[in-house]
Amino acid sequence: MAFPTAIPTLNENGVTLSPLTQSDSESLFHLVVKNRMHLRIWLNWVDETNAPEHTAEFVQKALLQHSQQTGLYFTIWAENKMLGLISFNWIDKRNKKAIIGYWIDEEHQGKGYTTTACRILIKYGFETLSLHRIEVAVAKGNEKSIAIPLKLGFTKEATLRDAEWINDHFTDLELFSILAST
């Protein structure tokens, strides 16, 4: 599996994926704060992001993952604004697979930005990183997020029962995958 040392900026249809840098920390933190009530329903890390330092620590860990070739993070840009984050938040080089994760500013949902961002990253994963399989796990009930892998040709493989603790309860996750040969 090829893993580039320099990660390029990726573009398609007015959406840009910019490699995450430490200088993105403050803007990313403010975007999380703006979307806290929307994101916390589906993502278990939101309530723990209470200060800019928390986001700076996250970015530092993401950059460490890149240096270890176990993760790859991008900010999502459109309309000259940072809209969210997309990543291969886990890369398994031996098995040529990765897990994709994403979130976007609530006011920019439904405009196709997240779907386009996923399409860009999937293409990069298959063509540049030589991945064979990409997975995404989405909280059951998060219909807007579930629609994205379905639009992109992923196959639903399973429901993972009580797979993630979100806020005060366990949540099922819907597991989807796509193969390079798809």
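A brief structural summary. Numbering of residues starts from 1 in every chain and runs along the sequence as written. Since the coordinates come from a predicted model, pLDDT governs what is reported: local features require at least 70, and pairs of side-chain atoms require 80 or more to be given and counted, while whole-chain, interface and lining totals use all residues. Just so you know, side-chain values use all the structure's heavy atoms and leave hydrogens and water out.

By definition, any uninterrupted DSSP run of H or I lasting at least four residues is a helix, any uninterrupted run of E lasting at least two residues is a strand, and each is numbered from the N terminus. Along the chain, the regular secondary structure elements total five helices and eight strands. Mapped in sequence order, the helices and strands of the chain form the string β-β-α-α-α-β-β-β-α-β-α-β-β. C-alpha atoms define the radius of gyration in this analysis, and the globule rule sets the expected value at 2.2 Å times the number of residues to the power 0.38. A compact globule built from 182 residues should have a C-alpha radius of gyration of about 16 Å, and the chain, at 15 Å, falls within 12% of that. The principal-axis extent of the C-alpha atoms belonging to the chain is close to 40 × 35 × 30 Å.

A few words on the environment of asparagine 95. In this fold, asparagine 95 is placed in the loop between β4 (81–92) and β5 (97–104). For the pair asparagine 95 and tryptophan 77, spaced 18 residues apart in sequence, the C-alpha separation works out to 31 Å.

What follows covers the pattern of salt bridges. Oppositely charged side chains are able to pair whenever their charged atoms sit close together. By definition, a salt bridge exists where a carboxyl oxygen of Asp or Glu is found within 4 Å of a side-chain nitrogen of Lys or Arg. For the coordinates displayed, the defined rule picks out nine salt bridges. One salt bridge in this structure joins lysine 97 and glutamate 135, with 3.9 Å as the shortest N-O distance. Linking lysine 97 in strand β5 with glutamate 135 in strand β6 (residues 133–139), this pair joins segments that are 38 residues apart in sequence. For every residue, the accessible area (1.4 Å probe, protein chains only) is compared with the maximum for its type, and the residue is labelled buried under 20%, exposed over 50%, or partly exposed between those bounds. According to the relative accessible area criterion, glutamate 135 is buried, its value standing at 11%. For the salt bridge of glutamate 157 with arginine 133, the shortest nitrogen-to-oxygen distance reads 2.7 Å. With glutamate 157 in strand β7 (residues 155–166) and arginine 133 in strand β6, this residue pair connects regions lying 24 residues apart in the sequence. Connected via shared salt-bridge partners are Lys97, Arg133, Glu135 and Glu157.

This paragraph deals with the packing of aromatic side chains. Ring pairs are drawn from Phe, Tyr and Trp, using the six-membered ring of Trp, whenever the two centres fall within 6.5 Å, and their geometry is named by plane angle: stacked under 30 degrees, edge-to-face over 60, tilted for the rest. Counted according to the given criterion, the structure contains four aromatic pairs. Here tryptophan 45 and tryptophan 103 contribute two aromatic rings whose centre-to-centre distance is 6.1 Å and whose plane-to-plane angle is 50°, an arrangement assigned as tilted. In this pair, tryptophan 45 is assigned in the loop between α2 (36–39) and α3 (52–67) and tryptophan 103 in strand β5, connecting sequence segments 58 residues apart. Taking relative accessible area as the criterion, tryptophan 45 reaches 29% and is therefore assigned partly exposed. In this structure tryptophan 103 comes out as buried when scored by relative accessible area, which is 9%. Between phenylalanine 58 and tyrosine 73, the aromatic rings sit 5.6 Å apart at their centres with planes inclined by 85°, giving edge-to-face as the arrangement. Of this pair, phenylalanine 58 sits in helix α3 while tyrosine 73 is found in strand β3 (residues 72–78), placing the two residues 15 residues apart along the sequence. Its relative accessible area of 31% is what places phenylalanine 58 among the partly exposed residues.

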